[in-house]
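Results of the structural survey
So the chains spell out like this:
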Amino acid sequence: MKAYRAMLTKLPKDKCDVNHIRRLMALTNLAYRDFEVWVPDILKTIQFQLYNFKNYKNSLVFGHIPKRWFARSWISLVTLRVYQDGSMKGDRVAPVVLDFKNGVIKLRKICKNELGYFIEIQMPSWVVERLKEGGDIKFAMIGLKDNEPYLALIAEREVAQYTPSEYKLVVDVNSWKYGIAWGLIKNGKLITWRTEKPNMFLINTLYHQTIDRERKVGKLKTLGYSSSVKVDKIKEQAYARRSKIYMITRDKAYFLTSKLVKKALKYKALLVIDDMTEESRRELLEEGLPRDVVKLLMSNLKRFVHQVETLAQWYGVPYELKRLPSTVCPMCGSKLVQEDGRTMVCTNCGFKAPRDMVPMYWAVKIYI
Ligand SMILES: [Zn+2]
């Protein structure tokens, strides 16, 4: 099985012609739609990249067919790899050269429409790590994100999944309010489990600071100060706090991805991912939380599930996406009743467990 991982690197804006990249993105969009537009003033070697890649588009991680006309399509590029011992792999005239000997990435003719133009950036340690793991960077992509030029490097690796041991690692993806729960099951017995959360006190504080500032802006606006330096400053502060919350959940998701996949690898466990994000969203709305709070409490969770899948594929961890019930009794199948403190109780057989633990009991039952 082939596994992929991708990484973005920002390119120096002063050395990249943003308008040129934007134009190439438009041509790429046309190329995906089977229009071959040969533009006389763009270098032939670069134009060949667009039309050669039409055939590869489905094999690339990023290379999906644009949904809309003029949607942003990144330009796929082949690479040349020059290794420590001087040996080479790939296309000799590739626009992207990964030079492991000198620790640099050279971009030729792509950042500016000028013959012989090239820029050099430092080789990210991420690339060297993927190489050590047996990965190869056969493709790269260039494009704009928020009007900034970026290079995406796509590592490819041939990987065989291991045969799962007697361990199962069950991951329950809820909201950040109740956290991501995981449990390690050995031979049908739950041996450890934990709920992982970001610093909720900090998130709460930041959220209230954001709301305070947004209210202040509203008040000043009604008084006629809609565009003053003071209003702009408060607006900026509110925005910075909201972004900070988003960053906290993103970092936590990233940290947990690596922790859980490593744990699965350590025990050679089957990884079971229970994506309950939709159910959790409903639960939060039923609790009467404002929509923007719900949005923050659910931020980066879809990304988390995607990241766990990508990383599991990369390291050959066998995994399953499985829905495990949290409101049905795992012992007798009756409907559970929720008591204070999110404790679930079965009125039929007396089963009792915290809500986030119920799916673990189901996993024990299903995977025995
Ligand atoms: Zn029961």
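Structure's up top.
Residues numbered from 1 in each chain as written. Predicted model: local features only at pLDDT ≥ 70, side-chain atom pairs only at ≥ 80, totals over all residues. Heavy atoms only, no water.

Moving on to the coordination of the zinc ion. Protein-derived coordination of the zinc ion comes from C329 (SG), C332 (SG), C346 (SG) and C349 (SG), at a distance range of 2.2 to 2.3 Å. One can describe the donor arrangement at the zinc ion as tetrahedral, given that its four donor atoms subtend angles of 101 to 115 degrees at the metal. Here the donor residues of the zinc ion are spaced in sequence according to C-x2-C-x13-C-x2-C. Of this pair, C332 sits in the loop between β13 (319–321) and β14 (337–339) while C346 sits in the loop between β15 (343–345) and β16 (352–354), and the two are 14 residues apart along the sequence. Here C332 falls in the partly exposed class, since its relative accessible area comes to 34%. (Donors = N, O, S within 2.8 Å, 3.2 Å for Na, K, Ca; no water. Tetrahedral: all angles 85-135°; square planar, octahedral: opposite > 155°, others 65-115°. Helix = DSSP H or I, 4+ residues; strand = E, 2+ residues; numbered from the N terminus. Buried < 20%, exposed > 50% of the residue type's maximum accessible area, 1.4 Å probe, protein only.)

For the coordinates displayed, the defined rule picks out four aromatic pairs. Here W38 and F48 contribute two aromatic rings whose centre-to-centre distance is 5.3 Å and whose plane-to-plane angle is 70 degrees, an arrangement assigned as edge-to-face. One end of the pair, W38, is in the loop between α1 (18–32) and α2 (44–52); the other, F48, is in helix α2, and 10 residues separate them in sequence. Exposure remark for F48: the relative accessible area of 43% places this residue in the partly exposed category. Between Y83 and F100, the aromatic rings sit 5.7 Å apart at their centres with planes inclined by 0 degrees, giving stacked as the arrangement. Of this pair, Y83 sits in the loop between β2 (75–82) and β3 (88–90) while F100 sits in the loop between β4 (96–99) and β5 (104–108), and the two are 17 residues apart along the sequence. For Y83, a relative accessible area of 15% gives the class buried. Looking at F100, the relative accessible area reads 8%, which means it is buried. One Lys or Arg, K268, reaches over the ring of Y162 and ends 5.0 Å from the middle of that ring. (Phe/Tyr/Trp six-rings, centres within 6.5 Å; stacked < 30°, edge-to-face > 60°. Lys NZ or Arg CZ within 6 Å of the ring centre and 35° of its normal.)

Let us now look at the pattern of salt bridges. In total, this model carries 21 salt bridges according to the counting rule given. A salt bridge links D274 to R323; the shortest N-O distance between them is 2.8 Å. Of the two residues, D274 is situated in strand β12 (residues 270–275) and R323 in the loop between β13 and β14; the sequence distance between them amounts to 49 residues. Taking relative accessible area as the criterion, D274 reaches 0% and is therefore assigned buried. Residues R355 and E283 are paired through a salt bridge, measuring 3.9 Å at the closest nitrogen-oxygen approach. Of this pair, R355 sits in the loop between β16 and α9 (358–366) while E283 sits in helix α6 (residues 277–286), placing them 72 residues apart in sequence. With respect to class, R355 is no different from E283; both count as buried. Each of D274, E279, E283, R323, R342, R355 and D356 takes part in one network of salt bridges that share partners. (Salt bridge = Lys/Arg side-chain N within 4 Å of Asp/Glu carboxyl O.)

Here we take up the sheet that holds β12. The five strands are arranged β11-β10-β9-β12-β13 in an open sheet whose pairing can be described as mixed. With one partner strand each, in any of the chains shown, β11 (189–196) and β13 form the two edges of the open sheet. On average, each strand axis in the sheet is inclined to that of its neighbour by 15 degrees, with strand direction left out of account. Note that β12 and β13 share three bridges and pair parallel. Across the sheet, the residue bridging to I273 is L321, located in β13. Against the sheet, helix α8 (residues 301–314) contacts β9 (167–173), β10 (180–186), β12 and β13, and its axis sits at roughly 165 degrees relative to β12. Packed on one face of the sheet, α9 meets β9, β10, β11 and β12 and runs near 30 degrees to β10. (Pairing = 2+ DSSP bridges. Axes fitted to C-alpha atoms, helices over the stretch in contact; angles between N-to-C directions. Contact = heavy atoms within 4.5 Å.)

Buried within α6 we find T277, E279, S280, E283 and L284. Buried positions in α6, seen along its axis, are confined to an arc of 155 degrees and lie on one side of it. The elements touched by buried residues of α6 are β9, β12, α7 (291–297), α8 and β14. Positive phi appears at G288, one or two residues downstream of α6, with a value of about 85 degrees. (Arc of directions from axis to C-beta.)

Structural measurements only, silent on function.
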